[in-house]
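# Results of the structural survey
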Amino acid sequence: MGFDNIILDSQLSQAKVGYSLREKLLLERIIQLNPRVVCFSSSHREFDEVVRMNYALKKANKDIFTIVGGSQPTYRFADFLDNGFDFAAIGEGEITLYEFVHEIFKGSSEWGNINGLAWKSKMQIILNPPGR
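Residues numbered from 1 in each chain as written. Predicted model: local features only at pLDDT ≥ 70, side-chain atom pairs only at ≥ 80, totals over all residues. Heavy atoms only, no water.

### Some words on the packing of aromatic side chains
Considering all chains together, one arrives at seven aromatic pairs under this definition. Taking the centre distance of 4.9 Å and the plane angle of 80° together, the rings of phenylalanine 47 and phenylalanine 80 count as edge-to-face. Of this pair, phenylalanine 47 sits in helix 2 (residues 47–60) while phenylalanine 80 sits in helix 4 (residues 77–81), and the two are 33 residues apart along the sequence. Summarising the burial analysis for this pair, phenylalanine 47 and phenylalanine 80 share the class buried. Here a set of aromatic residues connected by ring pairs shows up, and it is made of Phe40, Phe47, Phe80 and Phe85. (Phe/Tyr/Trp six-rings, centres within 6.5 Å; stacked < 30°, edge-to-face > 60°. Helix = DSSP H or I, 4+ residues; strand = E, 2+ residues; numbered from the N terminus. Buried < 20%, exposed > 50% of the residue type's maximum accessible area, 1.4 Å probe, protein only.)

If you want it as structure tokens, here you go:
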């Protein structure tokens, strides 16, 4: 949809690369790319990993926007927002993610206009209407 992007799959080569090394290599690659936005997909099983990676990315570059989507963030978005994520995509996230990235690249922060988005404002969680 007009945005350059790279997909890094943390599940690739599990048998060949140990868990700790795989996480380290992913973080190094993301930091090397110096993105404005990092999107995570997470299920219950991946919660600890994506939280650790998010904290490490934010430590390396506080200006990176991070958003998480998937099955667990859809019904437990507060767990992610309370653990350092900037945003969570709720439900089907394709349109939500596009509108979110579009908002960032136009230099705006009209998060309230993006259906299917959750975030914190002044330590309070805001949950927009469901996505389309």
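The discussion continues.
### Considering the layout of surface pockets
When its volume is computed, the largest pocket comes out at roughly 1,300 Å³. Lining the largest pocket are 37 residues, with Ile6, Ile7, Val38, Cys39 and Phe40 sitting closest to its centre. If you list the elements that add at least two residues to the lining of the largest pocket, you get helix 1 (19–33), strand 1 (37–41), helix 2, strand 2 (65–69) and helix 5 (94–105). The residue inventory of the lining of the largest pocket, partitioned by class, reads 22 nonpolar, nine polar and six charged. (1 Å grid on protein atoms, 1.4 Å probe; cavity = no way out; pocket = protein on both sides within 12 Å on 5 of 7 lines; lining within 4 Å. Points joined across faces, edges and corners; volume = space filled by probe spheres on them. Nonpolar A, V, L, I, M, F, W, Y, C, P; charged D, E, K, R; others polar.)

### Some thoughts on the nonpolar core
Phe40 and Phe85 are the most contacted members of the largest nonpolar core, which has 19 residues in total. Secondary structure elements with two or more residues in this core: helix 1, strand 1, helix 2 and helix 4. With five residues, the single largest contributor to this core is helix 2. For phenylalanine 40, the residues in contact, after removing those within four places along its chain, are Val50, Met53, Asn54, Leu57, Thr66, Ile67, Val68, Gly69 and Phe85. In this structure, Phe87, Val101, Trp111 and Ile114 belong to the second largest nonpolar core, which totals eleven residues. (Core = buried A, V, L, I, M, F, W, Y, C linked by side-chain atoms within 4.5 Å. Contact = heavy atoms within 4.5 Å.)

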